[in-house]
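The residues making up each chain are set out below.
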Amino acid sequence: MKIELIPAIDLIGGKCVRLTKGDYAQMKIYDDNPVSVALELKRHGFNRLHVVDLDGAKSQHIVNHSTLKDIYDATHMDIDFGGGIKSDEDIEKAFQAGATMVTVGSVAVKNPELFAKWIEKYGAEKIILGADVRNGKVSVNGWKEDSNEELIPFLDKYIRMGVNKVLCTEISKDGTLAGPAVELYKSIRSAFPHVHLIASGGVASTDDIVTLQHAGIPAVVFGKAWYEGHIDAANLLSPLAKRIIPCLDVKNGETVKGTNFVNFRSAGDPVTLGKAYSQAGADELVFLDITASHEGRKTFTDVVSRVAAEINIPFTVGGGIGCIDDVDRLLAAGADKVSINSAAMRTPLLIDEITRKYGSQVCVCAIDARLDPDGWHCYVKGGRERTERNLFDWAQEVQDRGAGEILFTSMDHDGVKHGFANQALAQLANQLNIPIIASGGAGSMEHFRDAFIIGKADAALAASVFHFGEIGIQQLKAYLRNEGINVRTEEKQ
């Protein structure tokens with residue numbers, strides 16, 4: 001799984017600052033305008049922020065909620081907010097100002113009953129347990145006090161209560177650019193392998209982030225390294241490098257491929273194919289149970305689990321997802337993202353629900369569309385049923401509701417190998433600011449090139465040309481690099 005990248009904006013007096021080891025006397029101001037910093041981060045492709053109210057941490061009540069609101073109103077990014085949240089009033093102010101999640105540390109140490117109440121009231125998906133560590137003990141009140149709480153027992157107590165997100169900062173590393181506390185984070189992952197651990201403190205370079213990723217750390221917060229130009233966003237952020245994505249269309253547990261959504265033929269075992277693509281250098285993998293919606297059944301969870309166990313690239317699963325419980329089940333089975341289509345069209349609030357609970361990056365909205373005499377129309381139930389929704393209007397609504405990506409398949413182009421629907425792709429790309437995955441029509445390497453250059457797609461998905469050995473992943477990437485297209489070069493282990 002690719003590590004989640006979370007830039008930090010630390011606030012004092014409404015300005016972007018960084019401290020060293022939590023010492024307010026060692027403060028450096030990096031920018032007077034946090035909103036402009038947030039907008040710049042969004043332009044680079046980041047979709048989440050960690051905003052810290054250092055005035056609030058010192059004052060023991062939220063202070064910079066108006067700045068939080070300004071940042072959210074300008075960017076609509078996912079924001080986790082911490083610092084000074086000590087009361088019901090504080091937490092309500094944070095959510096009302098636009099926070100998607102809040103990070104709470106001191107209250108968990110000093111007032112566990114209140115923290116437990118917040119978990120029950122707001123849900124574990126909205127609360128990040130902050131664990132600021134110094135000499136193995138959890139610190140509180142803006143790191144000014146050390147408690148008697150040992151880290152692992154402290155985490156264990158709340159994880160047993162349902163906490164599933166932990167932000168751990170090694171105070172001795174924070175703001176030093178001395179490198180992250182990798183062994184500390186490994187020990188936490190070893191004790192709690194299913195917790196979404198966010199590492200914080202000491203990140204000095206892109207290499208540090210890669211080291212954390214290789215160590216299996218799910219997410220990382222960084223601040224000073226970004227401000228001082230040590231983070232290479234182009235190599236880290238997926239929207240800036242074009243992605244090559246094989247797609248496993250699965251029917252009755254077998255990979256198949258059709259033409260114009262019909263006339264399917266067998267393409268092999270999905271587990272074997274998924275493993276081969278991961279090893280061959282594919283950037284991501286998509287698994288679609290193509291008849292689940294039409295047949296009214298659930299996606300095969302056991303197949304998802306077996307594929308996930310064999311790959312180490314981001315894994316998107318779709319087909320038959322009708323409610324948030326289906327999303328929970330598939331993520332637990334090993335999916336990194338879910339793709340929804342018919343259910344999103346039927347119940348658009350499902351998009352909002354997924355993104356609120358798991359973040360935009362988990363929600364891929366698939367749109368199957370055909371150019372009919374009266375324009376581009378969306379289809380559902382595996383392309384069997386036309387809706388009256390226009391492709392471009394629906395895509396706009398999908399983005400507005402918070403989906404992280406759109407997987408657009410032109411039904412007229414699907415399986416015929418004459419190239420992607422580049423004009424429609426370009427219109428989507430010009431209209432929207434979330435990544436667009438092109439699907440339907442790949443028959444040659446030139447078709448991928450045109451999807452990226454003419455269609456302005458962020459990723460290209462294909463099936464038969466990969467399944468039947470017509471194009472190799474590394475061969476395609478070499479060709480695209482020669483055509484001046486930025487594709488990822490890291491090797492997949």
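What you are looking at is a predicted structure, and each value in this text was computed from that prediction instead of being measured.

(A) The packing of aromatic side chains, seen in detail. Per the counting criterion, the structure on display carries 11 aromatic pairs. Pairing F46 with W226 gives two aromatic rings, centres 5.3 Å apart and planes at 90°, and the pair type is edge-to-face. Taken together, the positions of F46 in the loop between α1 (34–44) and β4 (48–53) and W226 in helix α10 (residues 224–227) put the pair 180 residues apart, joining distant regions of the chain. Ring plane angle 65° and centroid distance 6.3 Å describe the contact between Y277 and F466, whose orientation is recorded as edge-to-face. One end of the pair, Y277, is in helix α12 (residues 270–280); the other, F466, is in helix α21 (residues 464–467), and 189 residues separate them in sequence. Across this residue pair, the class does not change: Y277 and F466 are buried. Through pairs of rings, three or more aromatic residues link up here, namely Y277, F420, F448 and F466. Over the ring of Y24 we find K58, and its NZ or CZ is 4.8 Å from the ring centre.

(B) Broad picture of the pairing of strand β22 (residues 405–410). Where burial is concerned, most of β22 is hidden: 6 out of the 6 residues are buried. Residues E405, L407 and T409 line one face of β22 and the alternating positions I406, F408 and S410 line the opposite face, and both faces are buried. Strand direction decides the pairing type here: β22 and strand β23 (residues 436–439), joined by 4 bridges, are parallel. Its bridge partner being in β23, I406 is matched across the sheet by I436.

(C) View of helix α3 (residues 65–75). Looking at α3, one finds that the buried residues are T67, L68, I71 and T75. On an axial view of α3, the arc spanned by its buried residues comes to 105°, and they lie on one face. In this structure, the buried residues of α3 make contact with β1 (4–12), α1, β4, β5 (78–82) and α4 (88–96). Looking one or two residues past α3, H76 carries a phi angle of roughly 55°, positive in sign.

(D) Structural detail: the side chain of T103. Mapped onto the fold, T103 is located in strand β6 (residues 101–104). Look past the residues within four positions of T103 in its chain and what remains in contact with it is H50, D80, F81, G82, G83, I85, I128, G130 and L167.

(E) Fine view of the nonpolar core. Core analysis: the largest hydrophobic core is formed by 73 residues, its most contacted members being F408, F448 and F466. A per-element tally of this core places helix α18 (residues 391–400) first, with 5 residues. Grouped together as the second largest cluster of nonpolar side chains are 67 residues, F46, F115, Y122 and I127 included.

What counts and how
Residues numbered from 1 in each chain as written. Predicted model: local features only at pLDDT ≥ 70, side-chain atom pairs only at ≥ 80, totals over all residues. Heavy atoms only, no water. Phe/Tyr/Trp six-rings, centres within 6.5 Å; stacked < 30°, edge-to-face > 60°. Helix = DSSP H or I, 4+ residues; strand = E, 2+ residues; numbered from the N terminus. Buried < 20%, exposed > 50% of the residue type's maximum accessible area, 1.4 Å probe, protein only. Lys NZ or Arg CZ within 6 Å of the ring centre and 35° of its normal. Pairing = 2+ DSSP bridges. Arc of directions from axis to C-beta. Contact = heavy atoms within 4.5 Å. Core = buried A, V, L, I, M, F, W, Y, C linked by side-chain atoms within 4.5 Å.

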